[in-house]
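One-letter residues, chain by chain:
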Amino acid sequence: MDIGIDLGTANTLVYVKDEGIKVRQPSVVAVKKGSNEVVAVGDDAKRMLGRTPDTISAVRPLRDGVIADFEMTEAMLKHFIKEARTKDKGSGSKIVKASKIRVVVAVPSGITEVEKRAVKDSARHAGADEVYLIEEPMAAAIGVGLPIQDASGNMIVDIGGGTTEVAVISLSGIVQSRSVRVGGDELDESIISYMKRKYNLMIGERTAETVKIQIGSATVVDKETSMDVKGRDLVEGLPKTINVTSQEIREAMAEPLAAILDSVKVTLERCPPELAADLVDRGIMLAGGGSLLGGLDIWLAEQTGIPTHLADDPLQAIVEGTGRVLSEISFLKKVTSAGV
Ligand code: ADP
Ligand code: MG
C-alpha cells in the first residue's frame, strides 16, 4: 500500500495510491491534560480550539513549521494513517491489510535533522515499512505539474498556515530556497491585534481567519466590502459587534504580507542569473491555502514584475505531488531523502 502525506502546519492530507485523497483534516490534536490521552483529532479537535475546558487542551503540534510536540505529531500521524487505511464496507469499516506500507511524507524544508528523524519514526510507529521524506516545495512543484526535470528555473511559493516556503527548482533539485515563519496564521494574528488596537475588540483566532477569508485581500479586487465582526469589548467586558471594511483588513495585514513579499524578493535576488531569466518567462507558481487570499497573485506580480499564477487547487498541490512520486519509484528516489 502506497500512501502520500502532506503534513502541514494547518492541514494534513493523505493520498492513497489508486484511491486518491482520503484524508483532509486540520492538523489539530485535543488531549486530556495531565494524562496526554488523545480525545479528538482533526476537525473535531479544531472545533475545540479556544473553547476547551480546563481539563482538555487542543494543540497544533506543527504550528510554526517546526514540530513543537513530537508525541502529538505521532498521535496525529497514526490517526490519519489509520483513517486512510480504513475501508467502509456496508455496516462496519475495517482496516485494509497490506503486505508492505510505503509512505512519502512532505515536510517543511526548514525542519531539522532531529525533526526529520522524528517524522520518520512516527510514520514507522504508525505502521509504515518504508518512509521517504520530500521537501514541501518540491512536492508542490510536482503536484502542480511544473516541469521540474528540465534545465530551467521554476519558482514555487507555498503559503501555508505557519510558514511560507519559496523555492527555485531546476533539474529535479532545489537550487535556492527560503522558509520563513510567516503564513496564514500570522495574517490572522495581525487582524486580532488590529481589532484590539483600533476597536478595543478582542476576537478569537477562528473569527480572525473567517474575516481574512471573507473580506481579506492583498490588493483591491473588484470593490471594497465590509462585514460585521463579533468579539468581546476589552473595556466593558461584554460581547460587541463592529463593522470593518476590507480596506482596514488589508491595512491590518500589511506587515506579514510585506514579509512574504520580502522572502520572494530575496530568493529572486539570490538566484543565479540564468535561472532568474527563466523565471521572467515562466513566472511564479503559488500554492498553499494562504495563496487563496484575495488578489495575492495580482499583488505579487505587481510587486515583483514577474507573472504570477495560482495553482488550480492550492490546498491539494502538495499531497498531489506526493501521490505522483509514489507512482514512479526511480523518481521517488531522486526527489526524496532515503527510506528507513
Ligand atoms: P499548511 O500547509 O501549513 O497546513 P495550508 O496550505 O493548508 O497550510 O493553508 C492553510 C492556511 O490557508 C490557513 O492559514 C488558512 O487560513 C488559509 N486559507 C485557506 N483558505 C483561504 C482563503 N480562501 N483565503 C485566505 N486564506 C485562506
Ligand atoms: Mg502546506
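About the thresholds
Residues numbered from 1 in each chain as written. Chains lettered and ligands numbered in written order. Predicted model: local features only at pLDDT ≥ 70, side-chain atom pairs only at ≥ 80, totals over all residues. Heavy atoms only, no water. 1 Å grid on protein atoms, 1.4 Å probe; cavity = no way out; pocket = protein on both sides within 12 Å on 5 of 7 lines; lining within 4 Å. Points joined across faces, edges and corners; volume = space filled by probe spheres on them. Helix = DSSP H or I, 4+ residues; strand = E, 2+ residues; numbered from the N terminus. Nonpolar A, V, L, I, M, F, W, Y, C, P; charged D, E, K, R; others polar. Buried < 20%, exposed > 50% of the residue type's maximum accessible area, 1.4 Å probe, protein only. Near = heavy atom within 4 Å. Polar contact = N/O pair within 3.5 Å; in protein donor to acceptor, adjacent residues only side chain to side chain. Areas by Shrake-Rupley, 256 points an atom, 1.4 Å probe, with all protein chains shown as cover. Sits in = over half its atoms within 2 Å of the grid points. Pairing = 2+ DSSP bridges. Contact = heavy atoms within 4.5 Å. Axes fitted to C-alpha atoms, helices over the stretch in contact; angles between N-to-C directions. Salt bridge = Lys/Arg side-chain N within 4 Å of Asp/Glu carboxyl O.

S.K.: Is there a simple way to explain the layout of surface pockets in this structure?
M.R.: Over the atoms, a rolled probe matching the size of one water molecule traces out where space is still vacant. Of the pockets and cavities examined, the largest pocket occupies roughly 960 Å³. Lining the largest pocket we find 45 residues, and of these A10, N11, E209, G289 and L315 sit closest to its centre. If you list the elements that add at least two residues to the lining of the largest pocket, you get β2 (11–16), β3 (20–26), α1 (43–46), β11 (154–159), α5 (184–199), α6 (205–215) and α11 (317–326). Sorting elements by how many residues they give to the lining of the largest pocket places α6 first, with 8 residues. Residue composition of the lining of the largest pocket, by class: 14 nonpolar, 15 polar and 16 charged. Put simply, the second largest pocket is a space of about 210 Å³. Lining the second largest pocket are L49, G50, R51, G204, E205, R206 and T207. Per-class residue counts for the lining of the second largest pocket are 1 nonpolar, 3 polar and 3 charged.

S.K.: Would you mind going over unusual backbone geometry with me for this structure?
M.R.: Residues other than glycine predominantly adopt negative phi, and peptide bonds predominantly adopt the trans conformation. Despite not being glycine, D18 shows a phi value in the positive range, around 70°. Within the fold, D18 resides in the loop between β2 and β3. Residue classification places D18 among the exposed residues on the basis of a relative accessible area of 75%. Its identity as a non-glycine residue notwithstanding, N200 has a phi of 55°, on the positive side.

S.K.: Can you help me understand the site of ligand 1 in this one?
M.R.: Near ligand 1 there are 17 residues, and of these T9, A10, N11, E209 and K212 occur at the shortest range. Contact between ligand 1 and K212: an oxygen atom at 2.6 Å from a side-chain N or O atom of the residue. Here ligand 1 has 580 Å² of accessible area as a free molecule, and 90% of this is covered by the chains. Mapping ligand 1 onto the cavity grids shows that it belongs to the largest pocket. Sorting the residues of the shell around ligand 1 by element identifies α5 and α6 as the ones contributing at least two each.

S.K.: How should I be thinking about the pairing of strand β13 (residues 173–180) in this particular structure?
M.R.: If a strand is regular, its side chains alternate between the two faces of the sheet. Of the pairings in the sheet, the one linking strand β12 (residues 164–170) to β13 comprises 7 bridges and is antiparallel in character. Bridge pairing in β13 places A167 opposite S177. The antiparallel hairpin formed by β12 and β13 contains 2 residues in its connecting segment, where L171 sits at a positive phi of about 50°.

S.K.: What am I meant to see in the sheet that holds strand β16 (residues 239–245) here?
M.R.: Across a sheet, paired strands are connected by hydrogen bonds in the backbone, their directions being either parallel or antiparallel. Here 3 strands make up an open sheet; going across it, the order is β14-β15-β16 and the pairing antiparallel. Of all the strands in the sheet, just β14 (201–202) and β16 have a single pairing partner and so form its edges. Across 7 bridges, the pairing between strand β15 (residues 226–233) and β16 is antiparallel. Opposite M227, over in β16, you have V244 as the bridge partner. Packed on one face of the sheet, α5 meets β14, β15 and β16 and runs near 105° to β16.

S.K.: What is the right way to look at the pattern of salt bridges in this model?
M.R.: Pairing is possible between side chains that carry opposite charge, provided their charged atoms lie close to one another. Following the criterion strictly, the structure yields 20 salt bridges and no others. Here E74 makes a salt bridge to K78, at a shortest N to O gap of 3.7 Å. Of this pair, E74 and K78 are both found in helix α2 (residues 70–85), 4 residues apart, which corresponds to roughly one turn of the helix. The residue K100 makes a salt bridge to E130 at a minimum N-O spacing of 2.7 Å. Of this pair, K100 sits in the loop between β8 (92–95) and β9 (102–107) while E130 sits in strand β10 (residues 130–135); the two residues are 30 residues apart in sequence, bridging distant segments of the chain. The exposure class assigned to E130 is buried, which follows from its relative accessible area of 17%. What you see here is one network of salt bridges that share partners, running through D2, K17 and R102.

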